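Reading the structure
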Amino acid sequence: MKTIVVGYDGSDAAERALGRAADIAQAFSARLSVVSVSRSAYVPARVSAFEPPTAELVPPAVAGPVAPGGMVPLPEPVSPQEPEELARRQLERARKSLASRKVESEYLVELGDPAERLLELADERDADLIVVGSRERGFLERLLGHSVDEAVARRAQRDVLLVH
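What comes next is a walk through the structure. (Residues numbered from 1 in each chain as written. Predicted model: local features only at pLDDT ≥ 70, side-chain atom pairs only at ≥ 80, totals over all residues. Heavy atoms only, no water.)

1. A short note on the overall build of the chain
Each helix and strand counted, the chain has five helices and five strands in total. When its helices and strands are written in sequence order, the chain yields β-α-β-α-β-α-β-α-α-β. Considering the chain as a whole, with its 164 residues, one finds that 40% of them fall into the buried category. Intrachain contacts of the chain at a sequence separation of at least 6 include 76% that bridge at least 24 residues. When the accessible surface of the chain is summed, it comes to about 9,800 Å², and 55% of that surface belongs to carbon and sulfur atoms. (Helix = DSSP H or I, 4+ residues; strand = E, 2+ residues; numbered from the N terminus. Buried < 20%, exposed > 50% of the residue type's maximum accessible area, 1.4 Å probe, protein only. Contact = heavy atoms within 4.5 Å. Areas by Shrake-Rupley, 256 points an atom, 1.4 Å probe, with all protein chains shown as cover.)

As structure tokens, this is what we get:
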């Protein structure tokens, strides 16, 4: 085993996946590619995102009286740099988590669909293993669609480790 790709979004499940990927990378002296994927402002979001939105992703609520004519002003559109900045902050947390470990690692910011980008990067790097966190999903999430971990496991052409 030479290369491990791990998806990281800052969630508890991603922290567990990062820890397990680092353990495996240390045991095999493998290179660890830590990937944080944010959707760009131009990539349509699916109903089932890999994690519920965090406070920093939730737009402010529109409140107050409705303007004449029933029109409500919309919040400003997200600039393309904001998703990248979020991914960078997440990777900084991952870097701190791995600081005490002796693991060769790289940290990659990607924009787009998380499952697609993880799979593409695993192919580009000829990864031996993809590691993603998995968590219990609610009824509505199960009803509306697949999560990133399910999409990666279903479509990958290489080994996938789902960390619970």
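We are not done yet, so read on.
2. Quick word on the sheet that holds strand β1 (residues 3–7)
In space, the five strands of this open sheet follow the order β3-β2-β1-β4-β5, with parallel pairing throughout. Pairing within the sheet leaves two strands with one partner each, and these edge strands are β3 (105–111) and β5 (159–163). The sheet shows a mean angle of 20 degrees between the axes of neighbouring strands, direction not considered. As judged from the five bridges shared by strand β4 (residues 129–133) and β5, these two strands associate in the parallel manner. What sits directly across from Gly133, in β5, is Val163. In this fold helix α1 (residues 12–28) packs onto β1, β2 (31–38), β4 and β5, with an angle of close to 170 degrees to the strand it touches most, β1. (Pairing = 2+ DSSP bridges. Axes fitted to C-alpha atoms, helices over the stretch in contact; angles between N-to-C directions.)

3. Re a nonpolar patch on the surface
A cluster of nonpolar side chains, namely Phe139, Leu140, Leu143 and Leu144, defines an oily patch on the protein surface of about 460 Å² accessible area. Mapped onto the elements, Leu140 comes out in helix α4 (residues 139–144). (Patch = residues over 30% accessible without salt bridge, like charges linked within 9 Å, V, L, I, M, F, W, Y side chains within 5 Å. Salt bridge = Lys/Arg side-chain N within 4 Å of Asp/Glu carboxyl O.)

4. What about the packing of aromatic side chains?
Tallied over the full model, the rule gives zero aromatic pairs. Over the ring of Tyr107 we find Arg95; its NZ or CZ atom is 4.2 Å from the centre of that ring. (Phe/Tyr/Trp six-rings, centres within 6.5 Å; stacked < 30°, edge-to-face > 60°. Lys NZ or Arg CZ within 6 Å of the ring centre and 35° of its normal.)

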